[in-house]
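So you can see what is in the structure, the chains are spelled out below.
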Amino acid sequence: MKTKIVLLLVALTSSLGLKAQDIQVTKFEQNFTSLIARMHQETDNTGEACAVLRCYVRGKGFTIEPNLGVLKVEKLEGEIRLWVPQGTKRLTIRHTGSKPLIGYEIPVRIETKTDYDIEIDARKIDKPKEHNVYVSAGYNIVSISGPSVAIGVTVNHHNIELGAVYGLNKTDDLFFYNQSGNVTAGYNYSAVRAHLRYGYEIPLSDYFSMTPQVGLAYHGYSGKSVVNSNNTNYKSANSMSLFGGVKFTVPVSDTFKFYLTPEYNAAIYKDDNCKVISSNDDTMKNWHTGFNLNVGIMIYF
C-alpha cells in the first residue's frame, strides 16, 4: 500500500511540474515597415527567399529553434534575427536554467521576404537565483515511520540540510530477567532521528533534478515500562549512523517542490543499551542500519 502511494505521488508531482512555464511569447506579428528579409535575402534548400523573425529578448543565453531550421542567425543587443523558410510553424525557445517553451505554435502564416516581430517575456529568468533557503515537511517510511521536518540552503548547486524525524513505530516488548528467571523490567522503544546532510544538485531535465547526498544521523531512543503499564520513561539508548542517498525533486512553481529521498543508513556508534536491544530486536537494528524513504514538499524563500 505504501509503495502504491509513493508511486502515485511521484506521478502527480511530475504532471504538476510540467504545467509550469518560465518563457512566454507576448507578441508575434508581421512588421510591415521592416525590409530586412528583402534587403538581405537568404534562400532555403528549394531556392525560395526566407522570412526574417526579429526576436526581442532580455538578457543572454537564449536559443530559438524553428521547426524547419534556420538559414542564418544574427545576434544583436536585445534582438536575435533568424532567417527561416517560408511555412515555418513552430518555435522552441530555451534559456539556461529555465524551463523551455517547446513547440510554440506561430499564430500567423510565415511568408517569403517578410519580416516578423516577436517579443519574448523573460522577466522570470534574467537573473536565476543562485542561493535558495527552504523548509520542508514530509513523512518517513520503511525503517522509521513518522513525520519529518528540515531546513536547508542551496548555493550554486551545493546543498546543506538539517532535519529531524519523529518516529511513531515502536520495538516489540522487551523483557529483562534476573538469574532466577523472574522479569525485572520490560520496555518498548521509539526513535527520534536528527540528521545533517550534504548534497550536490544535478538537473536531469527542465522539470526534474537529483541530488546525491551523504550525511550523519543521530538516533535517540526512549523506552517505556511494559511491566508497570505506565508512561514513565526508563532507560534511553543512542546510536549514530552514516548514510547515503539521492533526493529527487519536481518543481510545482518557483516556491514549491515535491521531493522523494531514498537512503541507506549504516551504524558507526551504538551505546551499550542500544547494542543489547538491537541484538534482540530487529526493529531498533533497522532504525540505525537499514533503508529509509522520505517524501514531502519543500517551500523556498
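As a reminder, the structure under discussion sits directly above these lines.
Residues numbered from 1 in each chain as written. Predicted model: local features only at pLDDT ≥ 70, side-chain atom pairs only at ≥ 80, totals over all residues. Heavy atoms only, no water.

Draft legend 1. View of the sheet that holds strand β3 (residues 62–66). With antiparallel pairing, three strands are arranged side by side in an open sheet as β3-β6-β7. The strands lining the two open edges of the sheet, one partner per strand, are β3 and β7 (101–105). Averaged over neighbouring strand pairs, the angle between their axes works out to 20° when direction is ignored. Bridge count between strand β6 (residues 90–95) and β7: three bridges; the pairing is antiparallel. Counterpart to Leu91 in the pairing with β7 is Tyr104. (Pairing = 2+ DSSP bridges. Helix = DSSP H or I, 4+ residues; strand = E, 2+ residues; numbered from the N terminus. Axes fitted to C-alpha atoms, helices over the stretch in contact; angles between N-to-C directions.)

Draft legend 2. Up close: the nonpolar core. The biggest cluster of nonpolar side chains holds 21 residues, and the ones touching the most others in it are Phe28, Leu53 and Ile120. Listed in part, the 12 residues of the second largest apolar core include Val165, Tyr187, Cys274 and Ile277. (Core = buried A, V, L, I, M, F, W, Y, C linked by side-chain atoms within 4.5 Å. Buried < 20%, exposed > 50% of the residue type's maximum accessible area, 1.4 Å probe, protein only.)

Draft legend 3. Representation of the layout of surface pockets within the structure. Approximately 200 Å³ is the volume found for the second largest pocket. As for the second largest pocket, its lining consists of Val57, Arg58, Gly59, Lys60, Gly61, Phe62, Lys75, Leu76, Glu77, Gly78, Glu79 and Ile80. Class assignment of the residues belonging to the lining of the second largest pocket gives a composition of four nonpolar, three polar and five charged. (1 Å grid on protein atoms, 1.4 Å probe; cavity = no way out; pocket = protein on both sides within 12 Å on 5 of 7 lines; lining within 4 Å. Points joined across faces, edges and corners; volume = space filled by probe spheres on them. Nonpolar A, V, L, I, M, F, W, Y, C, P; charged D, E, K, R; others polar.)

Draft legend 4. Looking closely at empty space enclosed by the protein. Applying the stated criterion across every chain yields a total of two cavities of 30 Å³ or more. Taken as a whole, the largest cavity encloses approximately 160 Å³ of empty space. Forming the boundary of the largest cavity are 18 residues, of which Ser148, Glu161, His195, Arg197 and Asn294 lie nearest the centre. Per-class residue counts for the lining of the largest cavity are six nonpolar, seven polar and five charged.

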